[in-house]
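Structural features, examined
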Amino acid sequence: MSDVLLPFLGACLLIAASPGPSTVLIIRNALRGRRAGLLTVLGNETGVFLWGVVAACGLTALLAASQLAYDIMRFAGAGVLVLFGVQALRSARRGTPVALAESGDAPPEPGWRAYRAGLLMNLANPKAALFAMSFLPQFVPAGAPELPAMVALAALWAVFEVGYYATYVWGVARLRRLLSRAAVRRRLEQVSGGVLVALGLRLALEG
């Protein structure tokens, strides 16, 4: 398995570096504090691992084969994205503080809520399921048992992304003074909310 490890980690890096709704949510929640940001990351990567296990069991093939099942997940995922986006836009309109917890401007968000948001964001994305099904099998070593190999790869994928997205949380913390300004916080909420709503509508409208 060592001969596929480096190419696999390289592919994981390319995947993580591609911006998506999870990236937007992680950065937005990181504005509330390092703890909220890291727990959002952990929730998201729990979803990554679960989709990997589902793909290893062959269940995502059912999603790929059934247009109805895919459409149900697609609309559910779009609803989740729009919901998070609307929450961000409402927060910006009300001027709700989203400063880092260390700034003392706002109480930290409950950890379970940040974790749940990251998990829900990932699990509501049907593309994540189909991607796991097509991505992981490519790196199963020849002759290796497919199920344990894919589960191990899914775990490695999730752990790698925890480290990668933790740098985002760290970067937000480093910019604490700039991001603690009310006008900046409000604009970031507006941008993140608009992006999430747009991504949700695109997912709902795509064929």
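Residues numbered from 1 in each chain as written. Predicted model: local features only at pLDDT ≥ 70, side-chain atom pairs only at ≥ 80, totals over all residues. Heavy atoms only, no water.

A count of helical and extended segments in the protein gives ten helices and zero strands. In sequence order, the protein lays out its α and β elements as α-α-α-α-α-α-α-α-α-α. For the protein, the residues scored as buried account for 43% of the 207 residues in total. (Helix = DSSP H or I, 4+ residues; strand = E, 2+ residues; numbered from the N terminus. Buried < 20%, exposed > 50% of the residue type's maximum accessible area, 1.4 Å probe, protein only.)

It is worth spelling out the nonpolar core at this point. Counting 21 residues, the largest nonpolar core has F8, F135, L136 and W157 as its most contacted members. For this core, the elements supplying multiple residues, two or more each, are α1 (2–17), α3 (34–56), α7 (126–135) and α8 (146–174). Considering each element in turn, this core owes the most residues, six residues, to α8. (Core = buried A, V, L, I, M, F, W, Y, C linked by side-chain atoms within 4.5 Å.)

Another aspect to go through is the packing of helix α5 (residues 67–94) against helix α6 (residues 111–123). At their nearest, the axes of α5 and α6 sit 9 Å apart, and the two run at 145° to each other. On α6, the residues touching M73, V80, L81 and F84 of α5 are A117, L120, M121 and L123. Residue composition of the contact of α5 with α6, grouped by class: eight nonpolar, no polar and no charged. (Axes fitted to C-alpha atoms, helices over the stretch in contact; angles between N-to-C directions. Contact = heavy atoms within 4.5 Å. Nonpolar A, V, L, I, M, F, W, Y, C, P; charged D, E, K, R; others polar.)

Summarising the element assignment, L89 is placed in helix α5. Classification of L89 by relative accessible area gives partly exposed; the value is 36%. Contact partners of L89, with chain neighbours within four places excluded, come to E189, Q190, G193, G194 and V197.

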